[in-house]
Every structure is written in C-alpha cells, then in structure tokens.
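Structure at a glance
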Amino acid sequence: MGVIANERSVLSHSLWAATANDAPDRPALADDVTSDCVIIGAGFTGLSAALHLAQTGARITVLEAETPGWGASGRNGGQVNPGLQDGPDALEAQFGPEIGRRMTDVSGGGGDLVFGLIAQHGIDCDANRVGWIRAAHTRKALDELESLADQWRARGAVVEPLSRDELTRLLGVNDYLGGTIDRRGGNLHPLNYALGLADAAERHGAQIFGDSRVMGYTAKDGLVTVKTAGGSVTAPKVLVCTNAYTGDLGKPLGKSVMPVTSVQVATAPLSDNIAQSILPEGHAVSDSRRVLIYFRKDAAGRFIIGGRGATRDASVRARQAALRAKAEQLYPLLKGVEWTHAWGGDVALTRDHLPGLHLLASGVMAGLGYNGRGVGMATVMGKVLADWASGVPDDALDFPVTKVRPIPFHQFRNLGLGPTVAALRLLDRVGL
Ligand SMILES: Cc1cc2nc3c(=O)[nH]c(=O)nc-3n(C[C@H](O)[C@H](O)[C@H](O)COP(=O)(O)OP(=O)(O)OC[C@H]3O[C@@H](n4cnc5c(N)ncnc54)[C@H](O)[C@@H]3O)c2cc1C
C-alpha cells in the first residue's frame with residue numbers, strides 16, 4: 001500500500017498505510033443485485049454495522065468509494081477514547097435519566113466494544129488497552145478533567161486522577177499539572193483495525209465492494225435502490241456511513257457535519273534508550289490545550305503526534321512542521337530523530353458536539369459526527385445502526401434518532417479562507 005491512494009500528496013504519506021496488513025482486492029460492483037441491507041462507506045461505522053449484521057445471518061452489501069479504511073478510519077491517531085465530549089451529567093441533564101443514561105453507557109462502553117471485537121475476531125492491529133491519558137496544562141483544565149473522572153467513577157467506570165508526579169513518570173515530561181487516566185481506553189493500529197473488521201464481516205458472509213462510489217438512491221414500495229457507476233443494489237434497509245466524506249450524498253446530511261482536517265507526523269522507530277524515556281508504558285495522550293495535540297508511540301516505537309490541520313497544502317505543511325517542533329520542545333530527545341511520515345484526514349464536527357443518528361428517508365438511516373472520537377464511537381454507532389436495520393424500534397435504540405441539523409455558513413468552508421466563525425466555535429469546543 002505505502003501511501004493513501006487518490007489523496008493529495010500532503011495528506012497521503014500515512015504511517016498506517018505504510019505498515020498495513022495485506023488486504024485482498026475488493027473489485028467494484030458490476031451488477032444489479034438485491035440484499036437485506038446496503039451499507040455505504042467502509043470505515044469503522046460501516047464495517048462495524050456490517051459485522052454486527054452479518055453475524056445475524058443477514059445478507060449484507062458494503063459499497064465503498066475507495067478501499068476499506070480509506071477515510072478517517074484508516075488515518076487517525078488510533079486512540080480509543082471512551083465517552084463523548086459532554087460528560088455523563090450533561091448528557092443525563094440534556095436527554096433525561098433514561099436515554100441520557102443509555103447514551104452514557106453505550107459511549108463509555110466504546111473501549112469494551114472495540115477491544116471485545118478485536119479479541120472475538122482475532123483482529124491483528126497492535127491493540128494495547130493500556131488506558132487513555134488526558135493531561136492538563138492549567139488548573140481549570142485539571143478541575144474539569146477531575147470532575148469528569150468523578151462523574152464516570154460514580155457510574156462504575158475506572159477513570160482515575162493522575163498526580164503531577166505520576167503523569168511525569170508515564171509521559172516522560174514534566175509539562176503538565178496533572179491529569180486523568182481512563183482505563184477503558186488504549187490504542188491500536190487504526191487501518192489494521194478497519195481491515196480486520198472488513199475481513200471479519202466477510203468471514204460472516206458480508207460482501208464488500210471497493211471502487212464503488214454511491215451516486216444516489218431512490219425509494220419505492222418499501223425498497224431502496226442504491227446506484228454506483230457499475231451497478232445497483234436494492235434492499236429494504238440502507239445505512240449511510242460516510243461521515244466527514246459525505247459530500248452531497250443524502251442531502252442535506254453533509255451539511256450537518258463540518259469536515260475539518262487533522263494532521264499527524266511520525267518518526268522512525270526510536271532507539272531503545274530514547275523509547276524508554278518517552279511514554280515508557282505505551283500510553284496514548286491528549287493534551288488539554290485549546291488547540292489540542294495528541295501523541296503516542298506505535299508498536300515499533302515510532303513517536304506519532306497529531307493536531308489541527310488546514311485547507312491549503314502550504315498551510316498543511318506548516319501545521320505538520322509545527323507538530324514536529326512541538327514534539328521536539330516536549331521531548332528534546334527527539335531532536336535529530338528522522339521524521340518519516342506526514343499525513344492527515346477529515347474529522348466530522350457537529351453543531352451540538354454529539355454524533356447524529358438520522359432517518360434520511362423511509363428505510364435509510366445515517367450515523368456520523370464523532371467530533372474526533374470515532375475509534376470507539378463509530379464502532380458503537382455501527383452497532384446501533386445494525387440494531388436499527390435488524391428491526392429494533394427507534395425508541396429502544398441506545399442513541400436517539402434526531403433531525404438533520406445543517407451547520408450555518410457551511411457553504412463557505414471551502415473558500416480557502418480558513419475556518420468560518422461557525423467552524424471556529426466548533427473547533428474551540430472540541431479542542432481540535
Ligand atoms: C487525522 C485524524 C486523527 C484522528 N484521531 C482519532 C483518534 O485518535 N481517536 C478517535 O477516536 N478518533 C480519531 N479520529 C476520528 C475518527 O477517525 C473518525 O471519527 C472515524 O474514523 C469515523 O469513521 P467512519 O466510518 O464514520 O468514517 P470514515 O472512516 O471517514 O469512512 C467513511 C467512508 O465513506 C466512504 N464514502 C464517502 N462517500 C461515499 C459514497 N458516496 N459511496 C461510497 N463510499 C463513500 C469514504 O471513502 C470513506 O472510506 C481522527 C480522525 C482523523 C482524520
């Protein structure tokens with residue numbers, strides 16, 4: 001694989017593409033066929049839905065415009081971050097004790113679901129359930145993290161405070177006041193996780209077509225027909241799992257998310273003596289700054305750091321250079337180490353910072369908008385979508401079905417003028 005095919009060079013030199021497991025060719029759909037459920041998009045959302053549905057014995061057809069894991073799922077930081085942006089108290093206050101509690105449970109259970117699927121299906125993706133560290137650089141940020149940890153602990157989750165000394169030991173830097181560790185989280189090789197989900201879904205009978213961009217769908221007599229350039233699939237249920245790459249499909253769905261580029265850079269494998277001083281126990285870390293950075297090592301000991309991207313190539317390169325500089329400031333031992341990979345992809349932000357589960361037409365449901373937390377949450381949403389496609393009534397799903405809410409000024413996002421006011425507000429809240 002090497003690089004991400006059909007992507008701009010500045011975003012395509014992905015460590016994950018370069019270290020991916022072998023994947024079979026998945027040719028394009030070239031026929032008119034029927035199915036029990038069509039899934040559009042083969043990222044974590046679509047592949048989790050496909051796997052869960054295929055396990056019930058249903059006939060599943062997945063249509064992917066490129067290859068499985070081509071989108072954010074094959075490019076991300078590989079951090080398994082349980083929960084949503086809003087903590088359990090806020091969710092239960094907004095949605096009430098019953099559905100708020102279910103949303104809390106299912107999102108907080110993202111780590112159990114991801115690591116459970118990996119174990120159950122023998123997915124080879126360097127899974128490491130070592131915990132997710134959040135590091136605070138101000139007293140206010142630390143108070144917020146500790147309050148969130150209290151809320152989770154009150155619900156039985158193992159989310160613990162970390163003193164400055166403990167954090168310094170686990171990170172190998174003394175930059176932060178303290179933080180928390182969520183023992184439900186961890187990290188993995190995201191593209192290999194996606195490829196493993198695809199293999200597992202196929203082993204259970206799902207059919208996955210690559211190079212099969214869906215151009216649109218039409219509904220008639222309780223059936224939906226989905227069309228690609230080479231063929232069509234007709235089924236009673238369609239799941240739209242295209243997240244930040246939705247574009248015009250299922251209009252106005254794409255306008256309900258703000259696609260924002262996030263970029264990453266990675267070093268060559270660190271020598272043992274350097275690796276021992278940097279994240280010695282292999283944790284994944286998110287920093288609490290407004291312009292969030294996240295960092296970790298991979299299984300071969302490469303240091304990886306990510307953060308907010310940009311629109312134009314030159315600005316993307318500048319952001320990638322800034323990440324290298326930030327890494328070397330945090331860890332001076334990295335000075336002189338070769339930086340070998342630089343890539344990026346699109347995260348989908350939503351207006352209310354919550355994922356969306358939307359009925360687009362009779363028989364057509366979409367799940368998207370994970371605000372940078374999709375390794376766990378997209379896997380969870382895939383299961384929720386599978387429940388819906390299996391006939392679970394809307395009010396019994398673990399996530400509420402809501403109306404599509406377009407983001408104001410969405411049309412200005414591609415003018416190359418940088419993020420709009422609306423986007424900046426979302427970014428500030430999410431911390432990207
Ligand atoms: C750089 C980066 C770092 C991130 N880091 C983290 C992290 O550390 N932890 C975390 O939890 N989350 C992280 N995220 C977010 C996470 O990757 C996403 O939330 C998640 O992968 C979304 O999965 P998905 O399946 O919904 O979408 P995607 O993986 O984007 O998949 C959508 C798929 O739909 C396909 N598609 C689009 N249109 C069509 C069409 N018309 N027909 C057919 N197919 C179509 C695309 O080709 C794509 O493969 C990060 C994202 C990025 C970009």
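As shown above, the structure is provided for reference.
So, how was this worked out
- Residues numbered from 1 in each chain as written.
- Predicted model: local features only at pLDDT ≥ 70, side-chain atom pairs only at ≥ 80, totals over all residues.
- Heavy atoms only, no water.
- Pairing = 2+ DSSP bridges.
- Helix = DSSP H or I, 4+ residues; strand = E, 2+ residues; numbered from the N terminus.
- Axes fitted to C-alpha atoms, helices over the stretch in contact; angles between N-to-C directions.
- Contact = heavy atoms within 4.5 Å.
- Salt bridge = Lys/Arg side-chain N within 4 Å of Asp/Glu carboxyl O.
- Buried < 20%, exposed > 50% of the residue type's maximum accessible area, 1.4 Å probe, protein only.
- Arc of directions from axis to C-beta.
- Right-handed = clockwise from strand over helix to strand, strands pointing away.
- 1 Å grid on protein atoms, 1.4 Å probe; cavity = no way out; pocket = protein on both sides within 12 Å on 5 of 7 lines; lining within 4 Å.
- Points joined across faces, edges and corners; volume = space filled by probe spheres on them.
- Disulfide = S-S within 2.5 Å.
- Near = heavy atom within 4 Å.
- Polar contact = N/O pair within 3.5 Å; in protein donor to acceptor, adjacent residues only side chain to side chain.
- Areas by Shrake-Rupley, 256 points an atom, 1.4 Å probe, with all protein chains shown as cover.
- Phe/Tyr/Trp six-rings, centres within 6.5 Å; stacked < 30°, edge-to-face > 60°.

For the rest of this paragraph, the subject is the sheet that holds strand 6 (residues 159-162). The strand order across the open sheet built from eight strands is 6-7-5-15-16-17-14-18, with neighbouring strands paired in mixed fashion. Strands with a single pairing partner mark the edges of an open sheet, and in this sheet they are strand 6 and strand 18 (339-350). In this sheet, adjacent strand axes meet at a mean angle of 20° when their direction is disregarded. Both strand 14 (residues 257-267) and strand 18 contribute to a ladder of eleven bridges, which runs antiparallel. Looking across to strand 18, one finds that Pro-259 is bridged to Ala-348. Of the strands in this sheet, strand 14, strand 16 (293-297), strand 17 (303-308) and strand 18 touch helix 11 (residues 313-330), which is tilted by about 50° from strand 14.

Another aspect to go through is the pattern of salt bridges. A complete count under the given rule lists 19 salt bridges for this structure. Of the charged contacts, one joins Asp-313 and Arg-8 as a salt bridge, the two residues approaching to 2.6 Å between their closest N and O atoms. With Asp-313 in helix 11 and Arg-8 in the segment before helix 1 (9-12), the pair connects residues that are 305 residues apart, well separated along the chain. Looking at Asp-313, the relative accessible area reads 32%, which means it is partly exposed. We classify Arg-8 as partly exposed; its relative accessible area is 34%. Between Glu-144 and Lys-140 there is a salt bridge, with the nearest N and O atoms lying 3.3 Å from each other.

A separate point is the environment of Val-3. Mapped onto the elements, Val-3 comes out in the segment before helix 1. Those residues in contact with Val-3 that sit more than four places away from it in its chain are Ser-12, His-13 and Ala-17.

Let's shift gears to helix 4 (residues 88-95). Among the residues of helix 4, those classed as buried are Pro-88, Leu-91 and Glu-92. One side of helix 4 carries all its buried residues, which in axial view fall inside an arc of 95°. Close packing links the buried residues of helix 4 with helix 5 (97-108) and helix 7 (139-154). Just downstream of helix 4, Gly-96 is the residue with a positive phi angle, here 90°.

A few words on the pairing of strand 2 (residues 37-40). The alternating pattern of strand 2 places Cys-37 and Ile-39 on one face and Val-38 and Ile-40 on the opposite face, and all of these are buried. Note that the unit made of strand 2, helix 3 (residues 44-54) and strand 3 (residues 60-63) has a crossover that is right-handed. Summarising the sheet, strand 2 and strand 13 (residues 237-240) pair through four bridges and their orientation is parallel. Counted as the bridge partner of Ile-40 is Val-240 from strand 13.

The next point concerns empty space enclosed by the protein. Applying the stated criterion to the full structure yields one cavity of 30 Å³ or more. Taken together, 17 residues line the largest cavity, and the ones lying closest to its centre are Trp-132, Arg-134, Leu-148, Trp-152 and Asp-182. Broken down by secondary-structure element, the contributors of at least two residues to the lining of the largest cavity are strand 5 (132-136), helix 7 and strand 7 (178-182).

Here the structure, examined in full by the defined rule, presents zero disulfides. Just so you know, Cys-37 is unpaired, no disulfide at all, and the nearest cysteine sulfur is the one on Cys-241, 8.2 Å from it. Residue class for Cys-37 comes out buried when judged on its relative accessible area of 3%. Unpaired in this structure, Cys-125 has its nearest cysteine sulfur neighbour in Cys-241, at a distance of 20 Å.

Attention now moves to the site of the ligand. Around the ligand, the surrounding shell holds 38 residues, and the nearest of these are Thr-45, Glu-64, Ser-73, Gln-79 and Val-375. Between the ligand and Gly-77, the relevant distance is 3.0 Å, taken from a nitrogen atom to a main-chain nitrogen or oxygen of the residue. In the complex, the protein chains occlude 98% of the 1000 Å² of accessible area that the ligand would expose alone. Every element with two or more residues in the shell around the ligand is listed here: helix 3, strand 14, strand 18 and helix 12 (374-389).

It is worth spelling out the packing of aromatic side chains at this point. Tallied over the entire structure, the rule returns six aromatic pairs. Consider the rings of Phe-295 and Phe-303, whose centres lie 6.0 Å apart with planes at 35°: the pair is tilted. Under the relative-accessibility criterion, Phe-303 is labelled buried at 0%. Here the aromatic rings of Phe-303 and Tyr-331 are separated by 5.5 Å at their centres, their planes lie at 70°, and the arrangement is edge-to-face. Here the residue Phe-303 occupies a position in strand 17, and Tyr-331 occupies one in the loop between helix 11 and strand 18, the gap between them amounting to 28 residues. Looking at Tyr-331, the relative accessible area reads 3%, which means it is buried. The rings of Phe-295, Phe-303 and Tyr-331 are connected pair by pair, giving a single aromatic cluster.

The sheet built from six strands is open, its strands ordered 9-3-2-13-20-19 with mixed pairing. The sheet terminates laterally at strand 9 (207-209) and strand 19 (356-361), the two strands that pair on one side only. Going across the sheet, the axis of each strand differs from the next one's by a mean of 20°, ignoring polarity. Sheet topology places strand 3 next to strand 9; three bridges connect them, and they run parallel. Counted as the bridge partner of Leu-63 is Phe-209 from strand 9.

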